[in-house]
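Per-entry structural report
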Amino acid sequence: MIRLLYCSQAKSDFSEEVLKEILLISRKNNSAAGITGVLVHGGGMFMQVLEGPEQNVLRTYMKILDDKRHTDSRIIQISPMKERMFDNWTMGVIEAEPLTFEHVAKLRAHRLETLNADAFTQVIREFNALLIKT
Ligand SMILES: Cc1cc2nc3c(=O)[nH]c(=O)nc-3n(C[C@H](O)[C@H](O)[C@H](O)COP(=O)(O)O)c2cc1C
């Protein structure tokens, strides 16, 4: 199993309606594909964690890459995983404060370097904690 984290920019005409559509199809497809994760939306950006069987996660990410509702998608990290962090979520959603995106921007700035695994885990844990609260 793998965990994939990417971020992207929402298109300027993005709306709550569009977000609802994405969540609806994601929950349906992801539960069939054994994928769990979270979609963070805020400040005109997305950040998404997809976790599950390698082939299914990669296949789903390829579909997401082609989606015209967002642009400039960049993988921040892909790593093997033993345990899911979002095991109750076929796709959770967080409306993030711009502050949260500072963390993402930091990770993104370092994406060509060897990513500090602790920093990565910390950001994901913060998101996970946010999810549990909401
Ligand atoms: C930011 C973003 C996140 C998405 N996340 C998922 C996802 O987790 N799972 C999924 O199946 N589709 C996701 N989609 C939708 C896909 O791009 C695509 O529209 C959908 O998978 C097509 O489903 P279909 O092959 O059943 O028609 C996402 C789209 C966007 C813009």
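These notes cover the structure that comes with them. (Residues numbered from 1 in each chain as written. Predicted model: local features only at pLDDT ≥ 70, side-chain atom pairs only at ≥ 80, totals over all residues. Heavy atoms only, no water.)

Digging into the overall build of the chain
Per the secondary structure count, the chain includes four helices and five strands. Each of the 134 residues in the chain was classed as buried or not, and the buried ones make up 45%. Counting contacts in the chain only where the partners sit at least 6 residues apart, residues at least 24 apart contribute 81% of the total. Element-wise, carbon and sulfur atoms account for 54% of the exposed surface of the chain, whose accessible area totals about 7700 Å². (Helix = DSSP H or I, 4+ residues; strand = E, 2+ residues; numbered from the N terminus. Buried < 20%, exposed > 50% of the residue type's maximum accessible area, 1.4 Å probe, protein only. Contact = heavy atoms within 4.5 Å. Areas by Shrake-Rupley, 256 points an atom, 1.4 Å probe, with all protein chains shown as cover.)

Some thoughts on the pattern of salt bridges
Tallied over the full model, the rule gives five salt bridges. When the shortest N-O distance is used, the salt bridge between R69 and D67 registers 2.7 Å. Each member of the salt-bridge network shares a partner with another, and the members are E21, D67 and R69. (Salt bridge = Lys/Arg side-chain N within 4 Å of Asp/Glu carboxyl O.)

Looking at the environment of T60
Summarising the element assignment, T60 is placed in helix α2 (residues 54-65). Classification of T60 by relative accessible area gives buried; the value is 13%. On a C-alpha basis, the gap between T60 and I35 in space is 9.0 Å, while along the polypeptide they are 25 residues apart. Those residues in contact with T60, other than ones at most four positions away along the chain, are N30, I35 and L50.

Section: α2
In a regular helix each residue adds 1.5 Å, so twelve residues correspond to 16 Å; α2 covers 16 Å between its end C-alpha atoms and thus fits that length. Those residues of α2 that fall on the buried side of the exposure criterion are N56, V57, T60, Y61 and I64. The arc that holds every buried residue of α2, seen down its axis, measures 130°, which confines them to one face. Opposite the buried face of α2, by more than 90 degrees, sit the exposed residues Q55, R59 and K63. Contact partners of the buried residues in α2: β1 (2-10), α1 (16-33), β3 (45-52) and β4 (70-80). (Expected span 1.5 Å × (residues − 1). Arc of directions from axis to C-beta.)

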